[in-house]
Amino acid sequence: MSLVAGVDSSTQSCKVVIRDAETGALVREGRAAHPAGTEVHPSHWWTALLQAIEGAGGLDDVAAISVAGQQHGMVCLDESGNVVRDALLWNDTRSAQAAVDLTAELGGPKAWADAVGSVPVASFTVTKLRWLAEHEPDNARRTAAVCLPHDWLTWRLLGALASGPFDRAAWQDAPPPPLDRLTTDRGDASGTGYWSPSTGAYRADLLKASFGRVPLLPRVLGPAEEAGAPGPMLVAPGTGDNMAAALGVGARSGDVVVSLGTSGTVFAVTESPSADPTGAVAGFADATGRFLPLVATLNAARVMDAAARVAGVGLDQLSDLALQAPAGADGLTLVPYLEGERTPNRPTATGSIHGLTLATATPAHLARAAIEGMLCGLADGLDAMDMRPRRVLLIGGAARSEAVRRIAPTIFGVPITVPPPAEYVANGAAHQAATLLTAPAWESEDTAIYDGRALPDIRTRYARATALIFD
Ligand SMILES: Nc1ncnc2c1ncn2[C@@H]1O[C@H](COP(=O)(O)OP(=O)(O)O)[C@@H](O)[C@H]1O
Ligand SMILES: O=C(CO)[C@@H](O)[C@H](O)COP(=O)(O)O
């Protein structure tokens, strides 16, 4: 039995699954928390990865590994491979003005969509590099290479594997290889804003226009190309977390996946690239050689964390409370822009509550309004995808909530398919690792179908409440 490891280095935590390469059976797993904040020193991701690997029983019997990571984060390295400054994450909105400027400089949103499939917003690496050049010129000057979170972890793994078998203390400080061994994949590269999914090439001109020059960039690997094999273990190309989730959940043509993690995402696997000039749908690549149109919101599972905090309850109780309140929460509407928002592009917006009366001022109404508000934003995302989905699959941390599963069909207006709770990003990475060894025939898990009458009035009220904010 060959084993493979899949890593999900996401915003809030790092998860590692060890699976049987042939069958996909889960053998063991581990996890570790990441620090809070929208700028994080990458060494924390490395420390958490090593802790999670240790929690998963090490890697001694593992034949291949793949790292999936939160998309877009800007990791700047100097000539010696040292981190120049804390990484700016996908949910850091300080580069919002840079996004506005870059969009205008290239001739508007359509020019960007035509060039790289997406219109830049503060999440995209290209805008963060402009911010760095403008606000921290010394750090910009010291930047010899730029990569993404999964690229950096893969590169550190190559160095650690070359130093010997897994040993948490020894791997912690294992030197990475030279900068020219940095690699990435199509999926994650497509979230930079300077790589084109339709041509499969970097747009050095756009990077130069943003940053003033072109630092060293990771080599873009194909879906089954190894990043290296410095020890007895193969290292797969890895990918962005949403691309890995598509692999992990086995998304097929016509499926739409809604992921409720730190971010909320709505995405589908398609045969041809997309280019939405409105900017709502980002035209990413996937991890198999195809494409992954995706809508992302900044506010998903943590809206529920926040509502639970305000109500003074745990997440399970929040779910129970939400199901006690009537659908529509008697008109209480929560617009969940707690971290600003990306879709719609309102980086400085804040959350708001509408329809508060003596009758709706209850924890149950708040719980219901928080879940409905979070889902309304994603239902708008599904509309923006402009497709008739064969299935809508619900995954991610907040999909563990029974209230979310039951309310989702009323907001999306279609039945919702819910696979059993699992780490689908890490599973997708493990699947990618398995393809380096074999043709994996992993059984798909049993799914539950949640159905319910569509309640469009809730979305109408939500649209009115968001319009008030924009006014
Ligand atoms: N039963 C639950 N109900 C609601 N939210 C949950 C539940 N279990 C976990 N979560 C939330 O899911 C989030 C983590 O989801 P995850 O998909 O792992 O996020 P990420 O990959 O972005 O780190 C946390 O904010 C956590 O509070
Ligand atoms: O920015 C995006 C997608 O474009 C986010 O989806 C990040 O990739 C973070 O993902 P999670 O930590 O929420 O899974």
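In case you missed it, the structure is sitting above this.
Residues numbered from 1 in each chain as written. Chains lettered and ligands numbered in written order. Predicted model: local features only at pLDDT ≥ 70, side-chain atom pairs only at ≥ 80, totals over all residues. Heavy atoms only, no water.

**Digging into the site of ligand 1**
In the neighbourhood of ligand 1, 17 residues make up the surrounding shell, with Gln12, Lys15, Thr262, Asp305 and Gly397 lying closest. In the environment of ligand 1, an oxygen atom lies 2.5 Å from a nitrogen or oxygen atom belonging to the side chain of Thr262. Between ligand 1 and Asp305, the relevant distance is 2.6 Å, taken from an oxygen atom to a side-chain nitrogen or oxygen of the residue. Calculation on ligand 1 without its partners gives an accessible area of 580 Å², and the protein chains cover 82% of this total. A total of three residues in the shell around ligand 1 trace back to one element, the largest contributor, which is helix H11 (residues 301–311). Of the residues assigned to the shell around ligand 1, the class counts are four nonpolar, nine polar and four charged. (Near = heavy atom within 4 Å. Polar contact = N/O pair within 3.5 Å; in protein donor to acceptor, adjacent residues only side chain to side chain. Areas by Shrake-Rupley, 256 points an atom, 1.4 Å probe, with all protein chains shown as cover. Helix = DSSP H or I, 4+ residues; strand = E, 2+ residues; numbered from the N terminus. Nonpolar A, V, L, I, M, F, W, Y, C, P; charged D, E, K, R; others polar.)

**Let's talk about the nonpolar core**
Counting residues in each nonpolar core, the largest one holds 54 residues, and the members touching the most others are Leu260, Leu375, Leu394 and Phe412. Tallying contributions element by element places helix H13 (residues 363–385) first for this core, with 13 residues. Ignoring any residue separated from it by four or fewer positions in sequence, one finds Leu375 in contact with Leu260, Val404, Ile407, Ala408, Ile411 and Phe412. Counting residues in hydrophobic clusters, the runner-up holds 45 residues, among them Ala52, Ala56, Met233 and Leu298. (Core = buried A, V, L, I, M, F, W, Y, C linked by side-chain atoms within 4.5 Å. Buried < 20%, exposed > 50% of the residue type's maximum accessible area, 1.4 Å probe, protein only. Contact = heavy atoms within 4.5 Å.)

**Remarks on the site of ligand 2**
What surrounds ligand 2 is a group of 14 residues, the closest being Thr11, His72, Asp241, Ser263 and Arg342. Take Thr11: an N or O atom from its side chain is 2.5 Å from an oxygen atom of ligand 2. Contacts to ligand 2 include Thr262, whose backbone N or O atom sits 3.3 Å from an oxygen atom. Protein burial of ligand 2: of its 370 Å² of free accessible surface, 96% is covered by the chains. Per-class residue counts for the shell around ligand 2 are three nonpolar, nine polar and two charged.

**Overview of the packing of aromatic side chains**
Working definition: an aromatic ring pair is given by the centre-to-centre distance plus the angle between the planes. Counting across every chain of the model gives four aromatic pairs. Seen from their ring centres, Tyr337 and Phe470 are 6.3 Å apart, and the 5 degrees between their planes marks the pair as stacked. Here Tyr337, found in the loop between strand S19 (333–335) and strand S20 (352–354), pairs with Phe470, found in helix H16 (residues 456–470); they are 133 residues apart in sequence, far enough to count as distant. Tyr337 sits in the buried class, given a relative accessible area of 3%. The ring of Trp131 carries Arg94 above its face, with NZ or CZ at 5.0 Å from the centroid. Directly above the ring of Phe291 sits Arg186, whose terminal nitrogen or CZ lies 5.3 Å from the centroid. (Phe/Tyr/Trp six-rings, centres within 6.5 Å; stacked < 30°, edge-to-face > 60°. Lys NZ or Arg CZ within 6 Å of the ring centre and 35° of its normal.)

The values are spatial; any link to function lies outside them.
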